[in-house]
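Architecture at a glance
What follows is the residue order along each chain.
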Amino acid sequence: MENNKEFRTWLDDHKLEHPIVIAGPCSAETEEQVLRIAHELKDSDVTYLRAGIWKPRTRPGNFEGVGAIGLKWLQKAKAETGLLTATEVANRAHVELALEHDIDLLWIGARSTVSPFIVQEIADALKGTDKVVLVKNPVNPDLALWIGAVERFHTADIKNLGVIHRGFSTYGKSKYRNIPEWQIAVDFQTRFPDIPLICDPSHITGKRDMIFEVSQTALDLNYDGLMIETHYDPDNAWSDAAQQVTPETLLQIFQDLRIRKEQD
Ligand code: PEP
Ligand code: MN
């Protein structure tokens with residue numbers, strides 16, 4: 001994955017200060033909500049503001065996102081705060097709209113990574129882009145499927161390619177929403193050291209009070225960054241209410257992670 005060296009170097013430089021942080025709500029809900037969260041996050045370690053505007057839900061009947069209008073809210077948030085912007089894309093039309101609106105980082109969701117045809121469609125639509133593209137692990141614990149998706153993006157000459165570890169579905173009972181199976185991500189990291197690895201403790205834990213410990217484990221394993229769902233009123237979020245933290249809690253998590261690191 002030689003052509004990914006520039007992104008690797010940029011992230012390594014960034015890491016001298018702190019790992020890259022992507023934060024913001026699971027879903028964009030209203031323009032006011034996106035702008036308020038952006039302002040509350042702007043003077044922090046957050047580099048990218050995330051907000052899902054197309055939400056692939058497991059069961060029908062849940063909130064499926066505000067759609068393309070949310071791209072304008074993200075653009076406005078960037079203009080007002082300087083935060084870079086990030087959203088999920090799940091088909092060619094999403095990619096075209098996100099590129100038209102100059103979104104800085106596009107991620108592929110866990111339910112898309114499982115599907116080679118959809119991954120190929122998204123990769124073709126993104127061909128040659130210098131936007132950051134992050135591929136979440138597939139919902140099932142299948143390293144080859146994850147690697148296959150990354151290879152499709154690599155072949156499409158995506159220059160700034162990374163992956164997000166968000167845990168894996170399990171039928172059995174677990175304290176996690178999606179069990180981390182750290183070894184799968186560590187195997188990925190060992191095989192592809194040029195591809196930055198970001199941890200998503202929000203979707204791994206499903207619970208806000210476990211975000212810190214999973215983030216710390218990821219940093220101890222030398223991950224390159226964190227994606228943490230953040231909302232000023234988590235309990236009333238339109239999706240993933242139980243796992244979102246407030247901007248204040250996020251700041252506290254950063255402080256505690258640093259203190260622990262300094263003590264090591
Ligand atoms: C999300 O990031 O809000 C999301 C839907 O994640 P995942 O694809 O990991 O379930
Ligand atoms: Mn979510």
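Residues numbered from 1 in each chain as written. Chains lettered and ligands numbered in written order. Predicted model: local features only at pLDDT ≥ 70, side-chain atom pairs only at ≥ 80, totals over all residues.

As recorded in an unreviewed UniProt entry, the protein chain goes by the name chorismate mutase, listed as coming from Nonlabens dokdonensis.

Some remarks on the overall build of the protein chain
Stated formally: Each helix corresponds to a stretch of at least 4 residues labelled H or I by DSSP, and each strand to a stretch of at least 2 residues labelled E; elements are numbered beginning at the N terminus. Radius of gyration here is computed from C-alpha atoms only, and the compact-globule reference equals 2.2 Å multiplied by the residue count raised to the power 0.38. Using C-beta atoms placed from the backbone, we call a residue buried if 20 or more other C-beta atoms fall within 10 Å of its own, exposed if 12 or fewer do, and partly exposed for counts in between.
Secondary structure summary: the protein chain contains 11 helices and eight strands in total. Scaling as 2.2 N^0.38, a compact globule of 264 residues should have a C-alpha radius of gyration of about 18 Å, and the protein chain matches this with 17 Å. Judged by the C-alpha coordinates and their principal axes, the protein chain covers about 45 × 40 × 40 Å. The proportion of buried residues among the 264 residues of the protein chain is 45%.

What to know about helix α3 (residues 69-81)
How we decide: Each residue after the first adds 1.5 Å to the expected span of a helix. Directions are taken from the helix axis to each C-beta atom, and the arc is the one they span. For the purpose of contact definition, each residue receives a C-beta atom placed from its backbone, and two residues are in contact when these atoms lie within 7 Å.
Compared with an ideal rise of 1.5 Å per residue, which puts 13 residues at 18 Å, α3 spans 19 Å between its outermost C-alpha atoms and is within 8% of the ideal. Among all positions of α3, only Gly70, Leu71, Trp73, Leu74 and Ala77 are buried. Burial along α3 is one-sided: seen end-on, the buried residues are contained in an arc of 160°. Every exposed residue of α3 that faces more than 90 degrees away from the buried side is listed here: Ile69, Ala79 and Glu80. Buried residues belonging to α3 abut α2 (31-41), β2 (48-50), β3 (84-88) and α4 (92-100). Just past α3, the residue Gly82 takes up positive phi, approximately 85°.

So, the pairing of β3
We count it as follows: For two strands to count as paired, DSSP must find a minimum of two bridges between them. Look down the strands so they point away from you; if going from the first strand over the helix to the second traces a clockwise path, that crossover is right-handed.
Burial analysis of β3 places four of its five residues in the buried class, the great majority of the element. The pairing of β2 with β3 spans three bridges and is classified as parallel. Counterpart to Leu49 in the pairing with β3 is Thr85. For β3 and strand β4 (residues 105-108), the ladder comprises three bridges, and the chain directions are parallel. Within β4, the position partnered with Thr87 by the bridge is Leu106. Read from β3 through α4 to β4, the crossover connection turns out right-handed.

Considering the site of ligand 1
This is how it is decided: Only the C-beta atom matters for this test: placed from the backbone, it must lie within 6 Å of a molecule or strand for the residue to be near it. Charged means Asp, Glu, Lys or Arg here, nonpolar means Ala, Val, Leu, Ile, Met, Phe, Trp, Tyr, Cys or Pro, and polar covers whatever is left, Gly included.
Taken together, Cys26, Gly52, Gly109, Ala110, Arg111, Lys136, Arg166 and His203 are the residues near ligand 1. Class assignment of the residues belonging to the shell around ligand 1 gives a composition of two nonpolar, three polar and three charged.

So, unusual backbone geometry
Glycine aside, a negative phi is what most residues show, and trans is what most peptide bonds show. Residue Asp102 is not a glycine yet carries a positive backbone phi of 60°. Locating Asp102 in the fold gives a position in the loop between α4 and β4. The phi dihedral of Asp157 is positive, around 60°, even though this residue is not glycine. Relative to the helices and strands, Asp157 resides in the loop between α7 (143-155) and β6 (160-165).

Topic: the pairing of β4
Neither face of β4 is left uncovered, since the one carrying Leu105 and Trp107 and the one carrying Leu106 and Ile108 both have all their residues buried. One ladder, built from four bridges, connects β4 with strand β5 (residues 132-136); its direction is parallel. By the bridge assignment for β5, Leu105 is matched with Val132.

A closer look at the confidence of the model for the protein chain
Where we set the bar: Confidence of the prediction at every residue is given by pLDDT, a number between 0 and 100.
Confidence in the prediction for the protein chain averages 95 pLDDT; 97% of positions are at 70 or higher. Interface scoring of the predicted complex returns ipTM 0.99; its pTM is 0.96.

Details of helix α6 (residues 116-126)
Taken together, the buried positions of α6 are Val119, Ile122, Ala123 and Leu126. When α6 is viewed along its axis, its buried side chains cluster within an angular range of 100° and face the same direction. Away from its buried face by more than 90 degrees, α6 exposes Phe117 and Asp124. Positive phi shows up at Gly128, right after α6, with a value of about 75°.

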